[in-house]
Amino acid sequence: MNRFEYCQARLAENESFVAKDRNVKLYDGDEKTSYDDGEVVLTSHRLLWGRNGEIARGENALSLRLRYVQSFGEEEASSMLFGRKKRIILRLAGPLPDKAPGPMDHSVAQFVKLSGKNGVDAGFVQALHETVAAKIWAVSEEGEKSEPAKRVLRTGIMGIERNMAQKQKQTDENISLAFKDLGKLMEMAKDMVAISKVVSTKIRERQGDISEDETVRFKSYLMSLGIDDPVTRDGTRSNSEYFMKLSQQLCEMLLDPITESGGMMSLADAYCRVNRARGLELLSPEDLLEACKLLLGPIKLRQFPSGTMVLQLDNHDDELVSQETVELVEKLTSISADELARAVGISLLLANERLLTAENLGKLCRDESIEGLRFYPNLFLQFMVSIQIPK
């Protein structure tokens, strides 16, 4: 019992509750003690014992650190009133130097026993075995040793001001380092933009001593870098001219990607593609939308009833696309938006709009359940077609 310590029945920061049992008494070796008919609580680090209700109220309790436990044992005991029962034997290591005061200062016994009117609960014993084997307290102690907490002394206002000055200095150093790297990047980007403008001007005006092969090579380099003389407000005389030229450039830039993606692309995807290609001359969402409203030729802006906005080819046919969707649904029996997106290789947003369009055309029927939204072929339409109306 000289390993037990007095404590407040509260969990430490890294400590967690594991199990508890009632009507348990403690033995110092083979000797009975006055600590009987109490409640024992097992945590990840300790074994707590207290009178019934004291632990729940956070009052004084006895604490045995689990790091003391070296092995387990059991013994059977008989009683005229309660019959045969088992006692749990905990064989303990010697007291540690940092041990706090407890119920006993000295004891010749190297073990303690836990007993109860009907024995100790089997679930509690199993939890005790597993917790001691896990040695969670050892992990916590190693973490505290490897990462000792730095104690910062702050004495009055001067200490607080010193701490604030130190934090400000660290912040300034981080900002200076970040801007140092950013400055190098901006210098390189400035040179690249200047070169690209000179070369693109010579290409456009066919001036200078640049051969045809060099022209093609420079053009491919600039396009791969995403800097191909983008339209900017500074290079136009008015907003109307800016948006008109920007719409023409968008049409040239997005025609092939939209064609490859099935004739339709969400405005969000188009925004990402355009800004990736423009390099440092980024577009705002508002400018992109205004330019898309002025699109003429093979691409046009479309808004679905749900509010989704897309860019699609002028020759895009909803009837034809819906028929292709129906054929895929008939092949798979049913389909969801994410399954269609994976099968066709389009975004989830466009897949959902494609299914809703086919539904509006009467080619598909929906089924909403706890598993989500799925679409099936419209068997009602097929049934109506198969009916022969008598003359």
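Note on numbering: residues in each chain are counted from 1, in written sequence order. Local features in this predicted model are restricted to residues of pLDDT 70 or higher, and side-chain atom pairs are both shown and tallied only at a pLDDT of 80 or more, whereas totals for entire chains, interfaces and linings draw on every residue. Just so you know, side-chain values use all the structure's heavy atoms and leave hydrogens and water out.

### So, the overall build of the protein
Note the threshold: Only runs of H or I of at least four residues qualify as helices and only runs of E of at least two qualify as strands under DSSP, and these elements are numbered from the N terminus. Exposed residues in this analysis have more than 50% of their type's maximum accessible area, buried residues have under 20%, and partly exposed residues fall in between, with area computed by a 1.4 Å probe over protein chains only. The contact definition used throughout considers only heavy atoms, calling two residues in contact when any of these lie within 4.5 Å. Only the protein chains shown count as covering a residue, and every accessible area follows the Shrake-Rupley method with a 1.4 Å probe.
Helix and strand counts for the protein stand at 11 helices and 14 strands. When each of the 391 residues of the protein is scored for burial, the buried share is 36%. Sequence-distant contacts in the protein: of pairs separated by 6 or more residues, those separated by 24 or more amount to 56%. A total accessible area of about 25300 Å² is found for the protein, and carbon and sulfur atoms account for 54% of it.

### Brief notes about the packing of aromatic side chains
Selection criterion: The rule is short: rings of Phe, Tyr and Trp, with Trp giving its six-membered ring, pair when the centres are within 6.5 Å, and they are stacked under 30 degrees, edge-to-face over 60, tilted in between.
Applying the stated rule across the entire model yields 2 aromatic pairs. On the basis of an interplanar angle of 80° and a centroid distance of 5.5 Å, the ring pair of tyrosine 35 and tryptophan 49 is categorised as edge-to-face. Of this pair, tyrosine 35 sits in the loop between β3 (31-32) and β4 (38-43) while tryptophan 49 sits in strand β5 (residues 46-50), and the two are 14 residues apart along the sequence. When the ring of tyrosine 242 is compared with that of phenylalanine 243, the centres are 5.1 Å apart and the planes differ by 55°; the resulting orientation is tilted. On the basis of relative accessibility, which here comes to 3%, the residue tyrosine 242 falls in the buried class.

### Let's talk about helix α7 (residues 285-293)
Where we set the bar: Directions drawn from the helix axis to the C-beta atoms are what define this arc.
Every buried residue belonging to α7 is among Asp287, Leu288, Ala291 and Cys292, and all of these are buried. Within α7, the buried residues cover an arc of 135° as seen down the axis, which keeps them to one side. Lining the buried residues of α7 we find α5 (239-260), α6 (267-278), β11 (299-303) and β12 (309-313).

### Notes on the nonpolar core
Let me state the cut-off plainly: To qualify as a nonpolar core, a set must consist of buried Ala, Val, Leu, Ile, Met, Phe, Trp, Tyr and Cys residues joined through side-chain atoms within 4.5 Å.
By size, the foremost hydrophobic cluster in this structure holds 27 residues, and its most contacted members are Leu26, Leu47, Leu90 and Leu114. At the level of secondary structure, the elements contributing two or more residues to this core comprise β2 (17-28), β4, β5, β6 (60-65), β8 (83-92), β9 (111-116) and α1 (122-134). The element best represented in this core is α1, accounting for 5 residues. For leucine 47, the contacting residues outside a window of four places in its chain are Val40, Val41, Leu42, Leu62, Ser63, Leu64, Leu66, Leu90, Leu114, Phe124 and Leu128. Phe243, Leu246, Cys251 and Leu254 belong to the second largest nonpolar core, which has 20 residues in total.

### Things to note about the pairing of strand β14 (residues 372-377)
Quick reminder of the rule: Being paired, for any two strands, means DSSP has found at least two bridges between them.
Inspection of the sheet shows strand β13 (residues 364-369) paired to β14 by 6 bridges, in the antiparallel sense. From the neighbouring strand, cysteine 365 faces β14, where its bridge partner is tyrosine 376. Hairpin connection of β13 to β14: 2 residues between the antiparallel strands.

### Here's the deal with the sheet that holds strand β10 (residues 264-266)
Quick reminder of the rule: Axis lines are fitted to C-alpha atoms, over the contacting stretch for helices. Their N-to-C directions set the angle, which ranges from 0 to 180 degrees.
Overall, antiparallel pairing links the 3 strands, which are arranged β10-β12-β11 in an open sheet. Sheet topology places β10 and β11 at the edges, where each strand pairs with a single neighbour. The mean angle between the axes of side-by-side strands here comes to 30°, regardless of whether they run parallel or antiparallel. Bridge count for β11 against β12 is 5 bridges, and the pairing is antiparallel. By the bridge assignment for β12, isoleucine 299 is matched with leucine 313.

### Quick word on the side chain of arginine 302
The condition is simple: Polar contact criterion, stated in full: a pair of N or O atoms within 3.5 Å, where within protein one must be able to donate a hydrogen and the other to accept it, and residues adjacent in sequence count only if both atoms are side-chain atoms.
Mapped onto the fold, arginine 302 is located in strand β11. Side-chain polar atoms of arginine 302 contact the side chain of glutamine 312, separated by 3.1 Å. Within the structure, the side chain of arginine 302 is placed 2.7 Å from the side chain of aspartate 318, a separation counted as a polar contact. Residues in contact with arginine 302, not counting those within four places in the same chain, are Met264, Thr308, Met309, Val310, Gln312, His316 and Asp318.

### Focus on helix α9 (residues 337-344)
Within the span of α9, buried status applies to Ala337, Leu340 and Ala341. The buried residues of α9 occupy one face: seen down the axis, they fall within an arc of 100°. Facing away from the buried side of α9 by over 90 degrees, the exposed positions are Arg342 and Ala343. Buried residues belonging to α9 abut α8 (318-332) and α10 (348-360).

### Examining the pattern of salt bridges
To be explicit about the condition: Salt-bridge detection follows one rule: a side-chain nitrogen of Lys or Arg within 4 Å of a carboxyl oxygen of Asp or Glu.
Under the counting rule described, the total for this entry stands at 19 salt bridges. In this structure, glutamate 241 engages lysine 245 in a salt bridge whose closest nitrogen and oxygen atoms are separated by 3.1 Å. In this pair, glutamate 241 and lysine 245 are both assigned in helix α5, 4 residues apart and thus about one turn of the helix distant. A salt bridge links arginine 366 to glutamate 359; the nearest nitrogen and oxygen atoms lie 2.8 Å apart. Look at the salt bridges and you will find they share partners, linking Asp30, Glu75, Arg87 and Lys113 into a network.

### Regarding the packing of α8 against α10
Note the cut-off: Any angle that falls under 35 degrees is termed roughly parallel, while one over 145 is termed roughly antiparallel, one within 65 to 115 roughly perpendicular, and all others oblique. Gly is placed with the polar residues, together with every amino acid not listed as nonpolar (Ala, Val, Leu, Ile, Met, Phe, Trp, Tyr, Cys and Pro) or charged (Asp, Glu, Lys and Arg).
For the pair α8 and α10, interaxial distance at closest approach is 9 Å and the crossing angle is 100°. In terms of axis orientation, α8 runs roughly perpendicular to α10. Of the residues in α10, those touching α8 at Asp318, Val321, Ser322 and Thr325 are Arg354, Leu355, Thr357 and Ala358. For the contact of α8 with α10, the per-class residue count stands at 3 nonpolar, 3 polar and 2 charged.

### Quick word on the side chain of asparagine 2
Tracing the chain through its elements places asparagine 2 in the segment before β1 (5-8). Residue asparagine 2 is classed as buried on the basis of its relative accessible area, which comes to 7%. Side-chain polar atoms of asparagine 2 contact the side chain of arginine 3, separated by 2.7 Å. Excluding its chain neighbours within four sequence positions, the residues that come into contact with asparagine 2 are Pro95, Lys99, Met104, Asp105, His106 and Ser107.

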